[in-house]
Amino acid sequence: MTDARGLTGTKSKVITVQPRPNQAPEADFEWTPAEPEAGDVVTFTATATDPDDPPDTPFTYEWDFDSDGTVDATGEEVTHTYAAAGTYTVTLTVTDARGAETEVQQDVTVAEAVNEPPQVTALDIDPADPEVNQEVTFTATTTDPEDDEITDWEWDFDGDGTADATTATNTATHTYTSAGFYTVRVRAKDGGGSDSFGPWYEQELYVRGTGAAAIGTRLTQNPVAAEAVIEFFAPEGATDLRL
């Protein structure tokens with residue numbers, strides 16, 4: 001500063017500029033499936049916001065899937081597979097661009113894996129229109145959800161609820177001694193963990209008398225005296241059918 005007669009004077013002060021406060025980000029996470037089983041691939045997704053203005057982005061994400069202190073994965077969305085059932089504490093650490101961090105923990109319960117039994121999806125019958133005392137070959141198409149080895153097939157050739165045969169392959173034979181309609185049922189069991197039979201698969205079969213035509217009718221419903229449902233059947237591919 002200089003006065004009117006040219007004299008000068010100075011005055012100085014030290015000004016300290018503090019960095020703006022850095023608040024930790026706010027974070028959370030979710031996972032799918034919500035109720036995983038052992039062996040499932042679990043997807044973890046993080047969400048994070050920063051209360052500072054402007055926000056201190058980008059964020060970094062570190063995951064510890066069993067809280068053993070080791071970072072198992074990084075990223076906003078990650079996957080992990082738990083080999084064994086149990087309850088695991090998952091820790092997510094989110095750090096903002098200036099180093100402030102937040103730690104979030106949640107417990108993930110992993111159930112024992114359920115081994116599903118095999119399913120019979122189709123049944124081939126040969127011949128398709130057998131006669132009495134003619135050997136019939138049944139072949140079941142079967143799948144297993146876990147691709148386990150299928151070890152047993154159980155057969156009920158007349159639909160009476162009693163297993164008539166158990167085979168180690170998907171093929172069985174049976175000979176009918178009486179003509180009529182039969183409900184053929186088959187189910188399968190695997191050897192990979194379920195150790196139980198799957199649901200019955202059913203298919204209807206008409207066994208005709210010796211030399212009889214593979215065509216006919218039957219009454220399937222008779223709800224009232226004046227009404228009825230009659231089913232007509234004929235060999236596959238038959239043409240020029242007349243009632």
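Residues numbered from 1 in each chain as written. Predicted model: local features only at pLDDT ≥ 70, side-chain atom pairs only at ≥ 80, totals over all residues. Heavy atoms only, no water.

Residue-level account of the overall build of the protein chain, with values.
In terms of helices and strands, the protein chain carries zero helices and 16 strands. In the protein chain, which comprises 243 residues, the share counted as buried stands at 30%. Here the analysis covers contacts within the protein chain between residues at least 6 apart in sequence; of these, 56% occur between residues at least 24 apart. When the accessible surface of the protein chain is totalled, it reaches about 15,100 Å², and 47% of it is carbon and sulfur. (Helix = DSSP H or I, 4+ residues; strand = E, 2+ residues; numbered from the N terminus. Buried < 20%, exposed > 50% of the residue type's maximum accessible area, 1.4 Å probe, protein only. Contact = heavy atoms within 4.5 Å. Areas by Shrake-Rupley, 256 points an atom, 1.4 Å probe, with all protein chains shown as cover.)

Quick rundown of the sheet that holds strand β11 (residues 165–167)? Include the residues and the values.
Taken in spatial order, the four strands of this open sheet run β11-β10-β13-β14, and their pairing is antiparallel. The open sheet has two free edges, formed respectively by β11 and β14 (201–207), since each of these has just one partner strand. Averaged over all pairs of adjacent strands, the angle between strand axes in this sheet comes to 25°, irrespective of strand direction. Across seven bridges, the pairing between strand β13 (residues 180–190) and β14 is antiparallel. (Pairing = 2+ DSSP bridges. Axes fitted to C-alpha atoms, helices over the stretch in contact; angles between N-to-C directions.)

Break down the sheet that holds strand β5 (residues 77–81) for me, citing the residues and quoting the values.
In sheet architecture, strand pairing relies on hydrogen bonds along the backbone and comes in two forms, parallel and antiparallel. Read across the sheet, three strands follow the order β1-β2-β5 without closing on themselves; strand pairing throughout is antiparallel. Looking along the sheet, the strands with just one partner apiece sit at the ends: β1 (26–32) and β5. Taking each pair of neighbouring strands and ignoring which way they run, the sheet shows an average axis angle of 25°. Looking at chain direction, strand β2 (residues 41–49) and β5 are connected through five bridges and run antiparallel. Looking at β5, one finds that Val-41 is bridged to Thr-81.

Can you lay out the pattern of salt bridges for me, pointing to particular residues and giving the numbers?
Throughout the structure, instances matching the rule amount to five salt bridges. Residue Asp-52 is joined to Arg-98 by a salt bridge in which the shortest nitrogen-to-oxygen separation is 3.9 Å. Here Asp-52, found in the loop between β2 and β3 (60–64), pairs with Arg-98, found in the loop between β6 (86–95) and β7 (101–110); they are 46 residues apart in sequence, far enough to count as distant. By relative accessible area, Arg-98 is classed as partly exposed at 38%. Within the structure, one salt-bridge network assembled from shared partners comprises Asp-52, Asp-56 and Arg-98. (Salt bridge = Lys/Arg side-chain N within 4 Å of Asp/Glu carboxyl O.)

An account of the side chain of Lys-189 is requested, with residue identities and associated values reported.
Among the secondary structure elements, Lys-189 is positioned in strand β13. For the buried Lys-189, which has no salt bridge, the nearest side chain bearing the opposite charge is Asp-152, at an N-O separation of 4.0 Å. (Lys, Arg positive; Asp, Glu negative; His and termini not counted.)

Hey, could you go over the packing of aromatic side chains for me, with residue numbers and the actual values?
We describe a pair of aromatic rings using the distance from one ring centre to the other and the angle between the two ring planes. Going through the model one piece at a time under the given rule, you end up with 13 aromatic pairs. Arranged with centres 4.8 Å apart and planes meeting at 40°, the rings of Phe-181 and Tyr-206 form a pair that is tilted. Here Phe-181, found in strand β13, pairs with Tyr-206, found in strand β14; they are 25 residues apart in sequence, far enough to count as distant. Residue Tyr-206 is classed as partly exposed on the basis of its relative accessible area, which comes to 24%. Grouped by ring-pair contacts, the aromatic residues Phe-29, Trp-31, Phe-44, Trp-63 and Phe-65 constitute a single cluster. The lysine or arginine in question, Arg-185, covers the ring of Trp-200, its NZ or CZ lying 4.1 Å from the ring centre. (Phe/Tyr/Trp six-rings, centres within 6.5 Å; stacked < 30°, edge-to-face > 60°. Lys NZ or Arg CZ within 6 Å of the ring centre and 35° of its normal.)

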